[in-house]
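Residues per chain, in single letters:
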Amino acid sequence: MLDSGNKQSKDTTPLPHREGQGGGSAVNALGTKPIGQLLMQYAVPAIIAMTASSLYNMVDSIFIGQGVGPMAIAGLAITFPLMNLSAAFGAMVGVGASTMISVRLGQKNREEAQHFFGNSLTLNVIIGILFLVGVLVFLNPILRFFGASEQTLPYAREYMEWILYGNVFTHLYFGLNAVLRSAGHPRTAMYATILTVLLNTALDPLFIYAFDLGIKGAAIATVISQCVSLCWQLYIFSRPTEVVFIRRDTLALRRHIVGGILSIGLSPFLMNACSCLVVLLINRGMVEYGGDLAVGAYGIDNRVLFLFAMIVMGFNQGMQPIAGYNYGAQLHDRVREVLWRTISYATVVMTVGFLACEIFAEYIVQAFTTDPELIRIAAHGLRIDVALFPIIGFQMVTGNFFQSIGQAGKSIYLSLTRQLIFLVPGLLLLPRLMPLLGLPQLDGIWWSLPVSDGLAALNAAVLLWMQMKEFKLRDERLESRDSQAQPSFIAHLSSLLSHTLRLPRRIHYFAVNRVAPYIPLFSIFQHEDKDEEEPETR
């Protein structure tokens, strides 16, 4: 059970109206409604939202690649590590807060859930401003460190400057979307994402082509679309009828609240921070072994793979409030069921991605560029990247599952081993081994991704097996405690008979001490004078 410090008094006020259901039934249904229906109810909107979010990134890349050129695509790919670092800080607050809100609502502690929400708003603003100032001052050296060349640096800087100007709004937008799902608004979170995607898709050609702003226009369109959706989210959370809403007295930071958010959010932060390091190494490896076009090829492949990964993340986001609520309520059977269902669906999605990318790689890449060499490099890399895709879904769900039930340590361990223990050594060693196999060194960069995913999946399987054993032991203890607390029918009958059939002292002693050890029925007389000594014989 989670505890972030001093607990607030529990608010037993009935939960407010949630998305067409009265009296907090949408939140309470997390512990009662059939898991299959519940997962679809929460996952489908999240899948649509995450798929739309992925398409949102793909639209930028397609317009930039087709309208600005292959070097612009490479420049965009250079910004990925910095975007991951920004996302790491946003996820630390957004995921941490939404998880804690789910668990506290499962514990019927609405007041503390409210404080987690208020503190998350303040943290997002503070971290967003600090990130903007810190990065903007050193932007050129950072981009060069991430692999920018003289050809790609102007594109990377132009795009990243405007993304940084909107960094605070981006953090708030993604953070509030996560809270919307935890507070019983999965459809609203989906609509907010779809609104952002539609606005971005409409504004991209306007700013890139009509206003002739190039790659800068794509960044401006991104920030404007997020700001519009953020205004809608703030309106929703300004209503006192919400499970959690904007309240002035919850905005002041409290140590145990901030500690709870950051302890859970540390796992996604480390995952994204590790992704920053990994993408940095990938970009530098691409530049060293394949040049700027190889960086652009990775940028294209990353967008394609991101689409399938986001569908799985949609299932994970649907699972998160269900697993968190039921874990808080100690309903372990329901926790197990939502986990296995999510793993099954994720495996199907990644298998479809594997088949699509292996068969149609060239056609997929052609949507982003018309450059023949870039198409060749990207299609080759895409086929390698998806080599172990069918097992990646299991690995992704398992890591998110531990995060959802508040076991930050295990989630952090999985993220660190996948990124640092398996992937980073692969990126450094495999390019040097490829010539021994008669393969180009660039293939070593591509192959490091599926190899690390395979090892990470095995690692996750071991950890999950141990967790399932722990759940089983807890359930056995609960069942044992319940059976002891509820006397059986035989016990009630024994008590009745023992009070009805009062025996003489000598006969009572004989029945209890001489006969009962061999014929248990006679133990019904044990309540009388339990410490009675054998009567004196005359």
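The rules behind the values
- All chains use their own residue numbering, which begins from 1 and follows the written sequence.
- In view of the model being predicted, local features appear only for residues whose pLDDT reaches at least 70, and side-chain atom pairs are presented and counted only at 80 or more, with totals across whole chains, interfaces and linings using the full set of residues.
- Excluded from the side-chain calculation are hydrogens and water; included are all heavy atoms of the structure.
- Secondary structure follows DSSP: runs of H or I at least 4 residues long count as helices, runs of E at least 2 residues long count as strands, and numbering of each begins at the N terminus.
- Throughout this description, buried means an accessible area under 20% of the type-specific maximum (1.4 Å probe, protein chains only), exposed means over 50%, and partly exposed covers the range between.
- Note on contacts: a residue pair qualifies if any of its non-hydrogen atoms lie within 4.5 Å across the two residues.
- In short, Shrake-Rupley with a 1.4 Å probe defines the accessible areas, and a residue's cover is counted only from the protein chains shown.
- Salt-bridge detection follows one rule: a side-chain nitrogen of Lys or Arg within 4 Å of a carboxyl oxygen of Asp or Glu.
- Here a pair means two rings of Phe, Tyr or Trp (six-membered ring of Trp) with centres within 6.5 Å. Their orientation is stacked below 30 degrees between planes, edge-to-face above 60, and tilted elsewhere.
- Axes, fitted as lines to C-alpha atoms, cover a helix only where it is in contact. Angles between the N-to-C directions of the axes lie from 0 to 180 degrees.
- Oblique is the label for every angle not falling under 35 degrees (roughly parallel), over 145 degrees (roughly antiparallel), or within 65 to 115 degrees (roughly perpendicular).
- Left-handed describes a crossing whose near helix is turned anticlockwise from the far helix through less than a right angle; right-handed describes the clockwise counterpart.
- Classification used: nonpolar for Ala, Val, Leu, Ile, Met, Phe, Trp, Tyr, Cys and Pro, charged for Asp, Glu, Lys and Arg, polar for all others including Gly.
- What makes a nonpolar core is a set of buried Ala, Val, Leu, Ile, Met, Phe, Trp, Tyr and Cys residues whose side-chain atoms join them at distances within 4.5 Å.
- Multiplying 1.5 Å by the residue count of a helix minus one yields the expected span of that helix.
- Nonpolar side chains (Val, Leu, Ile, Met, Phe, Trp, Tyr) within 5 Å and like charges within 9 Å form the patches, drawn only from residues with over 30% relative accessible area and no salt bridge.
- Two axes are fitted around each residue, one to the seven residues ending there and one to the seven starting there, and the angle between them is reported as the bend at that residue.
- Per-residue confidence from the prediction method is given by pLDDT, with values spanning 0 to 100.

Asker: Summarise the overall build of the protein; cite the residues concerned and give the values.
Answerer: Scanning the protein from terminus to terminus reveals 19 helices and zero strands. Here the protein, with 538 residues, has 56% of them falling under the buried criterion. Across the protein, the fraction of contacts at a sequence separation of at least 24, relative to all contacts at a separation of at least 6, is 82%. Element-wise, carbon and sulfur atoms account for 65% of the exposed surface of the protein, whose accessible area totals about 23,100 Å².

Asker: Describe the pattern of salt bridges, listing the residues and the values that go with them.
Answerer: This model, assessed by the stated rule, comprises 12 salt bridges. We note a salt bridge from aspartate 333 to arginine 336, for which the minimum N-O separation is 2.4 Å. With aspartate 333 and arginine 336 both in helix 13 (residues 332-365) and three residues apart, the pair spans about one turn of that helix. Among the salt bridges present, the one from arginine 376 reaches glutamate 373, with a minimum N-O distance of 2.7 Å. Linking arginine 376 with glutamate 373, this pair stays in helix 14 (residues 372-385), spanning three residues, or about one helical turn. Residue class for arginine 376 comes out exposed when judged on its relative accessible area of 51%. Taken together, the salt bridges that share partners define one network made up of Glu111, Arg247 and Asp249.

Asker: Give a detailed account of the packing of aromatic side chains, specifying residues and quantitative values.
Answerer: Centre distance and the angle of the planes are the two values used to describe a pair of aromatic rings. Counted according to the given criterion, the structure contains 11 aromatic pairs. Ring centres of phenylalanine 145 and phenylalanine 146 lie 6.1 Å apart, and the angle between their planes is 45 degrees; on these two criteria the pair is classed as tilted. Each residue in the set Phe89, Phe131 and Phe269 is aromatic and connected to the rest through ring pairs, giving one cluster.

Asker: Break down the environment of alanine 218 for me, citing the residues and quoting the values.
Answerer: Note that alanine 218 resides in helix 10 (residues 215-236). Using a relative accessible area of 0% as the deciding quantity, one classes alanine 218 as buried. Here the alpha-carbon distance between alanine 218 and proline 205, two residues 13 residues apart in the chain, equals 8.2 Å. Those residues in contact with alanine 218, other than ones at most four positions away along the chain, are Asp60, Ile64, Tyr159, Asn200, Asp204 and Ile208.

Asker: Give me the lowdown on the packing of helix 12 (residues 292-328) against helix 14, citing residues and values where you can.
Answerer: At a closest axis distance of 8 Å, the pairing of helix 12 and helix 14 adopts a crossing angle of 50 degrees. On the basis of their axis angle, the class for helix 12 and helix 14 is oblique. In terms of crossing hand, the pair formed by helix 12 and helix 14 is right-handed. Contacts between helix 12 and helix 14 involve Leu293, Ala294, Gly296, Ala297, Ile300, Asp301, Val304 and Leu305 from the former and Glu373, Leu374, Ile377, Ala378, Gly381, Leu382 and Asp385 from the latter. The class makeup of the residues in the contact of helix 12 with helix 14 is 10 nonpolar, two polar and three charged.

Asker: Tell me about the nonpolar core, and name the residues and values.
Answerer: With 98 residues, the main nonpolar core has Met286 and Phe401 as its most contacted residues. Ranked by size, the runner-up nonpolar core spans 33 residues in total, among them Leu121, Ile257, Ile264 and Phe269.

Asker: Please give an account of the packing of helix 12 against helix 13 that cites residues and values.
Answerer: Where helix 12 contacts helix 13, the axes come no closer than 10 Å and their chain directions differ by 175 degrees. It follows that helix 12 is roughly antiparallel to helix 13 by the angle criterion. When its residues are assigned to classes, the contact of helix 12 with helix 13 shows 21 nonpolar, four polar and two charged.

Asker: Tell me about helix 7 (residues 153-165), residues and numbers included.
Answerer: The terminal C-alpha atoms of helix 7 lie 18 Å apart, and with 13 residues this matches the ideal 18 Å at 1.5 Å per residue to within 8%. Listed as buried for helix 7 are Leu153, Ala156, Tyr159, Met160, Glu161, Ile163 and Leu164.

Asker: Report on a nonpolar patch on the surface, specifying residues and quantitative values.
Answerer: A surface patch of nonpolar side chains, about 610 Å² in accessible area, is lined by Leu428, Leu429, Leu433, Leu436, Leu437 and Leu439. Secondary-structure assignment places leucine 439 in the loop between helix 16 (408-433) and helix 17 (442-485). Residue leucine 439 is classed as partly exposed on the basis of its relative accessible area of 35%.

Asker: Account for the side chain of threonine 99, naming residues and giving values.
Answerer: When you line up the elements, threonine 99 lands in helix 4 (residues 80-106). Take threonine 99: its relative accessible area is 0%, and that puts it in the buried class. Filtering out sequence-adjacent residues up to four positions away, threonine 99 remains in contact with Ile264, Gln320, Gln403 and Ser404.

Asker: Lay out the side chain of asparagine 124 in plain terms, naming residues and giving numbers.
Answerer: Locating asparagine 124 in the fold gives a position in helix 5 (residues 110-137). Judged by relative accessible area, asparagine 124 falls into the buried class, the value being 3%. Contact partners of asparagine 124, with chain neighbours within four places excluded, come to Gly90, Val93, His171, Leu172 and Gly175.

Asker: Can you tell me about helix 12, naming the residues and giving the values?
Answerer: Roughly 30 degrees is the biggest bend found in helix 12, and it falls at methionine 319, with proline proline 321 one to four residues downstream. Taken across its 37 residues, helix 12 has 33 buried, putting it largely inside the fold. Looking one or two residues beyond helix 12, the residue adopting positive phi is glutamine 330, at roughly 60 degrees.

Asker: Summarise the environment of methionine 271; cite the residues concerned and give the values.
Answerer: For methionine 271, the position within the fold is in helix 11 (residues 255-290). Setting aside its immediate chain neighbours within four residues, methionine 271 contacts Ser415 and Gln419.

Asker: Describe unusual backbone geometry, and please don't skip the residues or the numbers.
Answerer: Glycine aside, residues mostly have negative phi angles, and peptide bonds mostly take the trans form. A positive phi angle, near 65 degrees, is found at lysine 108, a position not held by glycine. Mapped onto the secondary structure, lysine 108 falls in the loop between helix 4 and helix 5. Judged by its relative accessible area of 44%, lysine 108 falls in the partly exposed class.

Asker: Tell me about the confidence of the model for the protein, and name the residues and values.
Answerer: Looking at the protein, pLDDT values average 82 and 83% of them are 70 or higher. Within the model, the stretch residues 20-24 combines pLDDT values under 50 with 10 contacts to residues more than four positions away or in other chains. The low-confidence segment residues 496-503, where pLDDT is below 50, has 13 contacts with residues more than four positions distant or belonging to other chains.

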